[in-house]
Amino acid sequence: LSVRRWRPLAVFALGFLWATCHAHSLSAQGIPERLSGKTVLIEGTVADRPVSRAERRTRFLVQARRLHDGSDWQPFDVRVRLDWYGEHPAVAAGEHWQLAVRLKQPAGYANAGGFDYELWLFQQRIRASGYVRTDNRNRRIDAGRVTPITALRNRLATSIETQAGDLPSMALVQALTIGERTRISSEQWQVLRATGTSHLMAISGLHISLVAGLVFWCMRSAWSASSALSLRVPAVRAAAVAALLAALLYALLSGFAIPAQRALVMVSVLMLAILSGRRVSFASVIGVAAVVTLLLDPASLLSAGWWLSFWAVSAIAWFTVGREGVAQGTLRWLFMQVVLAVCMAT
């Protein structure tokens, strides 16, 4: 066989090996079985913005660094999901804490067709969960340092809460601006599911492409208005750079979740093609996006959202690219929604 025929098999083998190594590395993490259910000390950094789930209850993620098993400190590089009940100090992203916790291995219900909580924890790289015990050894080691993007997300979240107050729409605004969905109530989720709009609460391809497209159009129009600028740099290239930067910033503000990563990769491939002056097929764009997202996070292959995102984008592209005779104007887009609904229901 020629090298070209062997190439797909070699790529598949390398991908399978990469995914296996990634899964093995995650599976090897976790709390030792002998310490499961026992009170231990951990030190680590608060990995994300804590959320008050109910009165006197806070949930947050900790990237643990070491664990005290009762005799000595030992390395413990594990992402832990914790609940802190009762009266407790305020916790903020980026802070370093020492906490007395009771941990357990990830587990879920084995209900066929139900939500696989254990698989979801695996996808989020959370390899232990538990709660903080009331203990005088709990202390903030230092305030730590957060990235500028995390600090900006925190300020935006606080500003939204201050401006919106107790309005029910506050949670929806946070979800659409910074990807913070934890404050959406169960009643709101029921309405979103019943109306088929729950996917809008996850910042993904729709949101990022809208932002990139809007910035691209505005920048190209403004740049074209100046003859001097257009002679130095073509307006379409300046617009591509601006759109790429806008997509990157919005993806970072949303927490850089997997759907945002996929959309950012697709936008990047398209904008880089514009900058290079090359024509790129849709198959190349979606292929590169799939490869890059799986290289960054092979566990995303286990997510239904990964498959649905690529399936939805493929369905839209199949209907819109090179099919001018199907329908025109408003009728064309209405018909596309029907096609998309049928494809996503299969």
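The text that follows walks through the structure, step by step, so that each part is easy to find. Sequence order sets the numbering: in each chain, residues are counted from 1 along the sequence as written. Only residues with pLDDT of 70 or above have their local features reported here, since the model is predicted, and side-chain atom pairs are shown and tallied only from 80 upward, although totals for entire chains, interfaces and linings are computed over all residues. For side-chain calculations, the full set of non-hydrogen atoms in the structure is used, while hydrogens and water are omitted.

Turning to the overall build of the protein, a few remarks are in order. Helices and strands together make up the secondary structure of the protein, namely twelve helices and eight strands. If you line up the protein on its principal axes, its C-alpha atoms span 70 × 60 × 45 Å. Three exposure classes are used, based on accessible area relative to the maximum for each residue type with a 1.4 Å probe and protein chains only: buried under 20%, partly exposed in between, and exposed over 50%. Buried positions account for 34% of the 346 residues belonging to the protein. Taken as a whole, the protein presents about 20,600 Å² of accessible surface, with 63% of it coming from carbon and sulfur. For the purpose of counting charges, residues Lys and Arg are taken to be positive, whereas Asp and Glu are taken to be negative. His and the chain ends are not included. Taken as the charge location is NZ of Lys, CZ of Arg, CG of Asp or CD of Glu. Of the side-chain charges in the protein, 36 are positive and 20 negative, and the distance between the mean point of each set is 11 Å. Working definition: helices are DSSP H or I runs of at least four residues, strands are E runs of at least two. Numbering for both runs from the N terminus. Values of accessible area rely on a 1.4 Å probe in the Shrake-Rupley scheme; residue burial ignores everything except the protein chains shown.

Moving on to a nonpolar patch on the surface. Exposure above 30% relative accessible area and no salt bridge define the residues that can form patches, which grow by joining like charges within 9 Å and nonpolar side chains of Val, Leu, Ile, Met, Phe, Trp and Tyr within 5 Å. Salt bridges, as used here, are contacts in which a Lys or Arg side-chain nitrogen is within 4 Å of a carboxyl oxygen on Asp or Glu. Among the surface-exposed residues, Trp 6, Leu 9, Phe 12 and Phe 16 lie close enough to one another that they form a single nonpolar patch of about 500 Å² accessible area. By the element assignment, Trp 6 lies in helix 1 (residues 3-28).

Turning our attention to the pairing of strand 3 (residues 57-68). Here a strand pair is declared whenever DSSP counts at least two bridges between the two strands. Bridge count for strand 1 (residues 39-46) against strand 3 is six bridges, and the pairing is antiparallel. Its bridge partner being in strand 3, Thr 45 is matched across the sheet by Gln 63. Of the pairings in the sheet, the one linking strand 3 to strand 5 (residues 79-85) comprises seven bridges and is antiparallel in character. Residue pairing across strands places Gln 63 opposite Arg 79, the latter belonging to strand 5.

Before going further, it helps to spend a moment on unusual backbone geometry. A positive phi angle, near 65 degrees, is found at Arg 125, a position not held by glycine. Of note, Arg 125 is situated in the loop between helix 2 (117-123) and strand 7 (128-132).

Take the pairing of strand 1 next. Of all eight residues in strand 1, six are buried; the element is thus mostly enclosed. Note that strand 1 and strand 6 (residues 96-104) share seven bridges and pair antiparallel. Across the sheet, residue Thr 39 finds its bridge partner in strand 6, namely Arg 102.

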